[in-house]
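# Per-entry structural report
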Amino acid sequence: MASAHVLDHPLLQHKVSMIRDKNTGTKEFRELVKEIAMLMVYEVTRDMPLKEVEVETPITMARTKVIAGKMVGIVPILRAGLGMVEGVLNLIPGAKVGHIGLYRDPETLEPVEYYCKLPVDAQERELIVLDPMLATGGSASDAITLIKKRGCSNIKLVNIIASPEGIEAVRKAHPDVDVYVAAVDEGLNDHAYIVPGLGDAGDRLFGTK
Ligand SMILES: O=P(O)(O)OC[C@H]1O[C@H](OP(=O)(O)OP(=O)(O)O)[C@H](O)[C@@H]1O
Ligand SMILES: O=c1cc[nH]c(=O)[nH]1
Ligand SMILES: [Mg+2]
């Protein structure tokens, strides 16, 4: 059974508090989401496989280590996941980027798929799915199902704020996927928004409301 990891580094907690604040404007919100994504992925990739190489320093030969195999792929869930891409690429410039387009129907609250494009060799990479919010878990679960249908099996999910219900839903649907979050909130309101949460992450990132 996969586990949920709460990444609670003080810098993460500080920055998450700032994005929760309704007075944080679009520019600052975007900057913070980028920084949070970078800090989170630093932890999420802690188990990346390494291989030994030999390097000649100005002094002598050294046996040292570099990342083994293909670099990870990252898969933002549109739109809000896009806000996390730049931060991850700052840290892992060689990462490939796939995109999954999903939005939650405001009436049914069910995810609706509108786009999916993954790297050609996605099956050979570890894929890190990015979305700031894990509310009912429907969008993340469907995104992971889409990725698995394309033959990928090595998948991690990274969300900034999650509800307990969302984590449980993903764990049930995809017990093989590890979930990494920076905060687990109280729950969901009647519109399936996370409480206290931060509101609509996509709208706050792109200034659409
Ligand atoms: O866990 P769930 O209940 O599925 O909700 C979470 C989803 O809702 C938000 O996207 P939204 O539908 O607002 O689309 P957007 O990113 O285009 O704003 C969020 O970014 C997640 O993708
Ligand atoms: O709280 C929530 C729930 C879904 N989507 C968001 O952006 N925020
Ligand atoms: Mg939205």
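One can find the structure itself at the top, above this paragraph.
Only a predicted model underlies this, so the values are computations on that prediction, with no experimental measurement involved.

About the thresholds
- Residues numbered from 1 in each chain as written.
- Chains lettered and ligands numbered in written order.
- Predicted model: local features only at pLDDT ≥ 70, side-chain atom pairs only at ≥ 80, totals over all residues.
- Heavy atoms only, no water.
- Near = heavy atom within 4 Å.
- Polar contact = N/O pair within 3.5 Å; in protein donor to acceptor, adjacent residues only side chain to side chain.
- Areas by Shrake-Rupley, 256 points an atom, 1.4 Å probe, with all protein chains shown as cover.
- Buried < 20%, exposed > 50% of the residue type's maximum accessible area, 1.4 Å probe, protein only.
- Helix = DSSP H or I, 4+ residues; strand = E, 2+ residues; numbered from the N terminus.
- Arc of directions from axis to C-beta.
- Phe/Tyr/Trp six-rings, centres within 6.5 Å; stacked < 30°, edge-to-face > 60°.

### Points about the site of ligand 1
Around ligand 1 sit 15 residues in total, of which Arg-104, Asp-131, Thr-136, Gly-137 and Ser-139 are the nearest. Between an oxygen atom of ligand 1 and a side-chain N or O atom of Asp-131, the distance comes to 2.4 Å. Interatomic distance of 2.8 Å between a backbone N/O atom of Gly-137 and an oxygen atom of ligand 1. In the complex, the protein chains occlude 91% of the 510 Å² of accessible area that ligand 1 would expose alone.

### Here's the deal with helix H5 (residues 164–173)
Gly-166, Ile-167 and Val-170 are the residues of H5 that are buried. End-on, the buried residues of H5 take up no more than an arc of 100 degrees, which puts them together on one face.

### With respect to the packing of aromatic side chains
Considering all chains together, one arrives at one aromatic pair under this definition. An angle of 35 degrees between the planes, with centres 6.0 Å apart, marks the rings of Tyr-103 and Tyr-114 as tilted. Taken as a pair, Tyr-103 in strand S6 (residues 99–104) and Tyr-114 in strand S7 (residues 111–117) lie far apart in primary sequence, eleven residues in all. Residue classification places Tyr-114 among the partly exposed positions, given a relative accessible area of 44%.

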